[in-house]
Amino acid sequence: MPRNVAVEAEDLIRRFNSFTAVDRLSFRVDEGEVFGFLGPNGAGKTTTVRMLACLLSPSEGSCKIGGYDVSREPLKVREIVGLLTENPSLYEKLTAYENMDFFAEAYGLTDLQEKKSRIAELLEFFDLWERRNDKAGTFSKGMKQKLAIARALVHRPPVILLDEPTSGLDPESARSIRDLIKKLSSQDRSTILLCTHRLEDAEKLCSRVMIVNQGRSIIVGSITDLANRMGGQKVLLVTLKDTSLKTVEAVGSLPHVKEVVQASPNQLTITVDDFDSVTPLVVKSIVESGGMILTVNPLIPSLEDAYLKLIKEAKH
Amino acid sequence: MRFDKALLIFRKDWREIRRNWQVIGPMIVVPLLLSVMLPVLIGLVPSFTSTQNSSTRDLESVLRGLPNNIREEVSGLSGQEIVFYIMISYFFAPFFLIIPVMASTVIASDSFAGEKERRTIEALLASPISDGELLLGKILVSFIPSMFVTFGSFIVYSTVVISTSAYVFGALVMPPLAVWIPMIFGLTPVLSLTAIGLTVIISSRVKGFREAQQISGLLLIPIIILVLGQVSGALILGPLIVGLLILVFAAIDLAVFVIGVRLFRREEILSKLA
């Protein structure tokens, strides 16, 4: 079943005087999808998020969120978007509860009971309920980040823009945020646009990512696609009890094996055309040649490899 | 324009401001100095010292520069009574214009430029509150407390003046209401709005609270000129002058707000983020 498009940008351009921060960016994000927005500092990620959140208007191009045009219906767009900014943007002299209460009302949660229960639900989820009456200024960086995420979710927005959501969080908190993002996407069908430097987050959460550099889109695709397309050769890492020349020769003579290198006294790195068809043949050949296999690991190119390669290429 | 959203901004800002001693401090200290300390000092100090004659002699030269109607008002009073009456009725009047200007510029600087400086503005601007609602809320939070402080100071000042005069002279002396009532309830609101409007314009051009407050402080210069004019007798704040000033500042308000509304744009504010 085709999914509804939640975010649709077409040829988005944003100029600041003579400097073009975002240059003809086009992308679509489906309802319930977690879409990653990756790129180095100054790539134009924050400017794009600001355009999507109606904080900046595009110099050219168009963008629709939930069917509303960001230039023509900004109030409607703001109502359905939850934004986590790069900076927590909290009122430090207000308590955690007062911060939540203000934004709940600003986003139209006027029913007192509904507002109270939503705030309690979020503060409890983020382990901030016990500190609800403390001023936000007294919170640690991680607690501020959690409160800022809670604030972005207070009105149950169908589209959520998260700029570095796990920044400043300890591993446990970062994991709980990732779990929350997965839940928001799968159960609540929220559409999430995730701006991040943490490729681990993108790898674990995003169904598709777009890599941007100098305001331009370099590539868009699923994590696996991207890694396969950009990550280079497929390599099998085989650890043996002992390696012998006979084993190396036996593996090297197999079809679809491009290269065999003895990486260490008991490790072979085997470059192959395809993991699925070649791995069983490699295992069989090693066993038949008298080798004793301890482990076999396909070295799947990571998103990080692909990302670094793309950014490097874009610079040249 | 949804008034409830403007009130929401007002409530949020007021909560923040009342916990900020950088803002609340001057709003308490300056009015207390002007409404309590000055009249008490003018009323009580000469009665405890031997400077009555010399101060009366000094005042005679000032009296010569005053209009006839004021000289008639003080005819028949003793030297110390004249000093007290002239001071509390006329010389201190322009000082009371300092209170709304100071209070509204301090709050408006914090509310507009302070929010940029603390980088809280982005989340606020991303919420579904229109520019007009945001501006109105922030004007209300600058205007209402400054009027409260001004009116409160006037009540305290009148009470102190009456009590001091009763204690020192055994008679009740009140500031002339024909001047003070239009000044406090007519001139100070329009003056406060001018100060807020100019602070909005200044705040949209600067990055921080301090910068905005320092530039807004220049708004006190015309009032200091007024004080000097009053002391020298060149410009006495009578009902006519007060009425004229109300009209002039109302016209300035209109112009300043048209410019202020034009400058109060989300993008303009964000582009000046530190």
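**Student:** Please explain the interface of chain B and chain A as it appears in this structure.
**Tutor:** Interfaces are frequently sized by the accessible area removed from exposure as the parts join. Chain B puts 27 residues into the contact, and the matching count from chain A is 29 residues. Summed over both partners, the interface of chain B with chain A comes to about 2,600 Å²; 59% of that surface belongs to carbon and sulfur atoms. Contact with chain A buries surface across chain B, with R19, P128 and E267 of chain B losing the most and accounting together for 24% of the total. Taken together, the connections running from chain B to chain A amount to four salt bridges.

**Student:** Help me understand the packing of aromatic side chains in this model?
**Tutor:** Both the distance between ring centres and the angle between the ring planes are used here to describe each pair of aromatic rings. Residues and elements named next belong to chain B. Scanning the model with the defined rule gives 15 aromatic pairs over all chains in all. Ring plane angle 40° and centroid distance 4.7 Å describe the contact between F151 and F185, whose orientation is recorded as tilted. Of this pair, F151 sits in helix α8 (residues 131-169) while F185 sits in helix α9 (residues 177-205), and the two are 34 residues apart along the sequence. For F151, a relative accessible area of 25% translates into the label partly exposed. A residue is classified by how much of its surface remains accessible, and F185, at 44% relative accessible area, is partly exposed. Ring centres of F154 and W180 lie 5.9 Å apart, and the angle between their planes is 15°; on these two criteria the pair is classed as stacked. Here F154 is found in helix α8, whereas its partner W180 is found in helix α9, with 26 residues between them in sequence. Its relative accessible area of 7% is what places F154 among the buried residues.

**Student:** Sorry, what's going on with the pattern of salt bridges here?
**Tutor:** Opposite charge on two side chains permits them to pair, given that their charged atoms come into close proximity. Residue and element names in this part refer to chain B. Counted by the stated rule, this structure contains 28 salt bridges over all chains. A salt bridge links K138 to D13; its shortest N-O distance comes to 2.8 Å. In this pair, K138 is assigned in helix α8 and D13 in helix α1 (residues 3-17), connecting sequence segments 125 residues apart. Of the residues examined, K138 reaches a relative accessible area of 2% and is grouped as buried. Residue classification places D13 among the buried residues on the basis of a relative accessible area of 2%. Notably, a salt bridge pairs E115 with K138, separated by 2.7 Å at the nearest N-O pair. With E115 in helix α6 (residues 95-117) and K138 in helix α8, this pair connects stretches of sequence that are 23 residues apart. In terms of burial, E115 and K138 fall into one category: buried.

**Student:** Quick question: what am I supposed to make of the sheet that holds strand β9 (residues 208-213) of chain A here?
**Tutor:** All names here are of chain A. Taken together, the six strands give an open sheet; going across it, the order is β6-β7-β8-β3-β9-β10, and neighbouring strands pair in mixed fashion. The open sheet has two free edges, formed respectively by β6 (81-84) and β10 (216-222), since each of these has just one partner strand. Each strand axis lies, on average, 15° off the axis of its neighbour in the sheet, ignoring direction. Two strands pair when backbone bridges link them, and strand β3 (residues 34-38) and strand β8 (residues 191-196) are joined in this way by five bridges, in the parallel orientation. Bridging across to β8, V34 finds its partner in I192. Strands in contact with helix α5 (residues 141-153) are β6 and β7 (159-163); relative to β6, the strand with the most contacts, it is inclined by about 170°. Relative to β8, helix α6 (residues 171-186) is tilted by about 150°, and along the sheet it contacts β3, β7 and β8.

Quick notes on the rules
Residues numbered from 1 in each chain as written. Chains lettered and ligands numbered in written order. Predicted model: local features only at pLDDT ≥ 70, side-chain atom pairs only at ≥ 80, totals over all residues. Heavy atoms only, no water. Contact = heavy atoms within 4.5 Å. Buried area = accessible area lost by both parts, 1.4 Å probe. Salt bridge = Lys/Arg side-chain N within 4 Å of Asp/Glu carboxyl O. Phe/Tyr/Trp six-rings, centres within 6.5 Å; stacked < 30°, edge-to-face > 60°. Helix = DSSP H or I, 4+ residues; strand = E, 2+ residues; numbered from the N terminus. Buried < 20%, exposed > 50% of the residue type's maximum accessible area, 1.4 Å probe, protein only. Pairing = 2+ DSSP bridges. Axes fitted to C-alpha atoms, helices over the stretch in contact; angles between N-to-C directions.

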